[in-house]
Amino acid sequence: MNTEQLKKHCLSFPGVESKELSAPGNLLSYAVQGKKFAYFKTSEPQQWRFSLRVTAERFLELTDQPGIKPARYMHRFHWVSIVNVNQVDEKYLIELLQWSYRKALQGLSKRAQQQIVDGSHQGAP
C-alpha cells in the first residue's frame, strides 16, 4: 500500500475529516470529531512518515521492527511512526489503522458514536 492509497483508506472511515497543518507542525491528520487516529508528516526530512495509535503490546512489538519507531511526542500514548508504509504488509497496516480509528471513535460520547454509525448507513440498501 502506498501513501496515496493509505490517505484514501484513512478517509474511507465514517465521520472522518482530514486537516493539514502548516509549519511548525507540518502534518496531514485524520480525525473523527476531533479525535485524531492517524497522521502523516508533510515536510522534509520525514515527509510521508505515517503515525497511528496502537495497543501497548503492539507498541513493543512494532518498535522492535526496523523502520517503525516510537512517534515523536506521542509515544507515551502508544503511537508509532512508520518510516515507509510500502514496507509494511498491507493487511497488517489496515488492521492497525482500523484499531486506531475504533480507539478514537470510542473516545467520543455514546451519542456521537451512534450518530456516526447511523450516518454511515444512510443511503445503504
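Procedures and definitions
- Residues numbered from 1 in each chain as written.
- Predicted model: local features only at pLDDT ≥ 70, side-chain atom pairs only at ≥ 80, totals over all residues.
- Heavy atoms only, no water.
- Axes fitted to C-alpha atoms, helices over the stretch in contact; angles between N-to-C directions.
- Helix = DSSP H or I, 4+ residues; strand = E, 2+ residues; numbered from the N terminus.
- Left-handed = near helix turned anticlockwise from the far one by under 90°.
- Contact = heavy atoms within 4.5 Å.
- Nonpolar A, V, L, I, M, F, W, Y, C, P; charged D, E, K, R; others polar.
- Buried < 20%, exposed > 50% of the residue type's maximum accessible area, 1.4 Å probe, protein only.
- Core = buried A, V, L, I, M, F, W, Y, C linked by side-chain atoms within 4.5 Å.

A. Examining the packing of helix 2 (residues 56–63) against helix 3 (residues 90–106) more closely. At a closest axis distance of 13 Å, the pairing of helix 2 and helix 3 adopts a crossing angle of 145°. The element helix 2 and its partner helix 3 pack so that their crossing is left-handed. Judged by residue contacts, Arg 58, Glu 61 and Leu 62 of helix 2 engage Tyr 92, Glu 95 and Leu 96 from helix 3. Looking at the contact of helix 2 with helix 3 residue by residue, the class counts come to three nonpolar, no polar and three charged.

B. Just unusual backbone geometry, in detail. With an omega dihedral of 5°, the bond running from Ala 23 to Pro 24 counts as a cis peptide bond. In this fold, Pro 24 is placed in the loop between strand 1 (16–21) and strand 2 (27–32). Looking along the chain, the bond that leaves Glu 44 and enters Pro 45 is cis, with omega of 5°. Structurally, Pro 45 is set in the loop between strand 3 (35–41) and strand 4 (50–53). Residues other than glycine seldom take positive phi values, yet Tyr 73 does so here, at roughly 70°. Here Tyr 73 shows up in the loop between strand 5 (68–70) and strand 6 (79–82). Using a relative accessible area of 58% as the deciding quantity, one classes Tyr 73 as exposed.

C. Seen up close, the nonpolar core. The biggest cluster of nonpolar side chains holds 32 residues, and the ones touching the most others in it are Phe 37, Phe 50, Leu 52 and Leu 97. Broken down by secondary-structure element, the contributors of at least two residues to this core are helix 1 (3–11), strand 2, strand 3, strand 4, helix 2, strand 6, helix 3 and helix 4 (110–120). Excluding residues that lie within four positions of it along the chain, Phe 50 makes contacts with Leu 6, Cys 10, Ala 38, Tyr 39, Phe 40, Val 80, Ser 81, Ile 82, Val 85, Leu 93 and Leu 97.

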